[in-house]
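Survey of secondary and tertiary structure
Given next are the chains, with one letter for each unit.
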Amino acid sequence: MEPIIKVNNSTYYLGVNDRQTRFFENLWPIPHGMAYNSYLIKDEKNVLLDTVDITYTDRFLRQIRAALAGEKLDYIVINHMEPDHSGSLGLILSHYPEATLVVNRQSKKMLEGYFGEVEHVLEVSEKETLPIGSRELRFITAPMVHWPEVMFTYDPLEETLYSADAFGSYGTVDGGIFDYQRSDTEHQMNECTRYYSNIVGMYGPFVQKAMKKVESLPIKQICSVHGSIWQERIPEILRLYDQLAAYGSEPGLVLVYATMYGHLSELADTIAHAAGRAGVTPVKVYNLASQDVSYAIGDIFRYSGVIIGSPTYNNSLYPKIEELLSKLEMRKVSPRFYGHFGTGSWNPNVAGKLADFGERMKWTTVADPVTMLMSMADDKEAEGVRLGEAMAKAILSGTPEIAK
Ligand code: FEO
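Residues numbered from 1 in each chain as written. Predicted model: local features only at pLDDT ≥ 70, side-chain atom pairs only at ≥ 80, totals over all residues. Heavy atoms only, no water.

**A few points about the packing of aromatic side chains**
If you walk through the whole model with that rule in mind, you get 18 aromatic pairs. When the ring of Phe24 is compared with that of Tyr170, the centres are 6.0 Å apart and the planes differ by 75°; the resulting orientation is edge-to-face. Of this pair, Phe24 sits in strand β3 (residues 23-24) while Tyr170 sits in the loop between β13 (160-162) and α5 (185-200); the two residues are 146 residues apart in sequence, bridging distant segments of the chain. A relative accessible area of 2% means that Tyr170 is categorised as buried. A centroid spacing of 5.3 Å and a plane angle of 90° characterise the contact between Tyr170 and Tyr195, whose relative ring orientation is edge-to-face. In this pair, Tyr170 is assigned in the loop between β13 and α5 and Tyr195 in helix α5, connecting sequence segments 25 residues apart. As far as the burial class goes, Tyr170 and Tyr195 line up, both buried. Counting every residue linked through ring pairs, the aromatic cluster contains Phe167, Tyr196, Tyr241, Tyr247 and Phe301. (Phe/Tyr/Trp six-rings, centres within 6.5 Å; stacked < 30°, edge-to-face > 60°. Helix = DSSP H or I, 4+ residues; strand = E, 2+ residues; numbered from the N terminus. Buried < 20%, exposed > 50% of the residue type's maximum accessible area, 1.4 Å probe, protein only.)

**Section: the side chain of Asn198**
When you line up the elements, Asn198 lands in helix α5. The exposure class of Asn198 is buried, given its relative accessible area of 3%. Sequence-distant contacts of Asn198, defined by excluding residues within four places in its chain, comprise Trp28, Tyr170, Ser294, Ile297 and Arg331. (Contact = heavy atoms within 4.5 Å.)

**A short note on the sheet that holds strand β2 (residues 11-18)**
In a beta sheet, neighbouring strands are held together by backbone hydrogen bonds and run either parallel or antiparallel to one another. One open sheet accounts for seven strands, arranged β1-β2-β5-β6-β7-β8-β9; its pairing is mixed. This sheet does not close on itself; its edge strands, each paired only once, are β1 (5-8) and β9 (121-123). Across this sheet, the average inter-strand angle for adjacent strands is 30°, counted without regard to direction. Bridging between strand β5 (residues 34-42) and strand β6 (residues 46-49) involves four bridges; their strand directions are antiparallel. The residue bridging Tyr39 from the neighbouring strand is Leu49, located in β6. (Pairing = 2+ DSSP bridges. Axes fitted to C-alpha atoms, helices over the stretch in contact; angles between N-to-C directions.)

**Considerations on empty space enclosed by the protein**
Under the definition given, this model contains one cavity of 30 Å³ or more. In this structure, the largest cavity spans a volume of roughly 30 Å³. Each residue belonging to the lining of the largest cavity can be placed in one class, and the counts come to six nonpolar, three polar and one charged. (1 Å grid on protein atoms, 1.4 Å probe; cavity = no way out; pocket = protein on both sides within 12 Å on 5 of 7 lines; lining within 4 Å. Points joined across faces, edges and corners; volume = space filled by probe spheres on them. Nonpolar A, V, L, I, M, F, W, Y, C, P; charged D, E, K, R; others polar.)

Next comes the structure, spelled out in structure tokens:
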């Protein structure tokens, strides 16, 4: 039996690391796996907060039994109904049929949709608290962070916020559940950003509202359902979320392109190196023909400059670039500084489409596009340098504004 991990004086971490699934939501690559976190608060009443993916029910049940140590499970709070958290709920209830499910009006409907009629259900609103002995748990609705029924639970005794998907991350929690036990802060923040931008990114105004609701609470720990428990790095993760939810940015360039035979790579590198030489850091370059779009989206959420390049394909944009543009439009990530480039062997036909995209996004175009034909020519090198330098000048001059 694995050891039971304490989150604070009265709470246990019950969670699993998924190193089997390759794509989260069957869509987004998770090369470093995924953690599904649940928590058990022990008081006069014992409260389980969310469950885990159905695949891990057996292991999760053993953790619940060990943490309860023969005591009764009184409540299961549903902060989020998405099946990566509610998947094992039906089976957990078959072992703990006396437990009362604590839901809100929205999650009650979803509960019935997924599991049919459930016997013991307590519907709560933000105005109500749940007394469990030495404390009363509070509930904070956080609609669309990431589904409409999402709520946070706050434990005032331990000053702990249970934040559902918010502040979560891709990746397993290896060796320790707390942020201070990790030595890979930059990787962790990148995976938080990728998770946010991929999963929650289109709901920025809702995330801002939810953050406003909790800003005055004393918080010693933030327990998300994915990734590490935030403790020492709470200021950092709150700052990151402030920026992401507001579609803000920090200085840096993301150059995203695709190529079929490699010719466009030469122009991409020319532009990226020119920006780097002019003082931009970081410069992140992605070739979507071989790298997943989720990484580029994560960085575009974070950095102020974006340059996009595409070959002409069937008289239009390369499909992987079309996918990127559609995902960015859906997430309304703006404002940004913008530039674009492209190619086409006999009829380059992407500049107009990339320009239209920039206008729809209300991004600020910093220079004319560069269009090459079959392969790189000397004059295109000069144009690429000009685009890279113009982008550097914009990035180093300040933050972008919504283009008129
Ligand atoms: Fe981790 Fe929206 O589920």
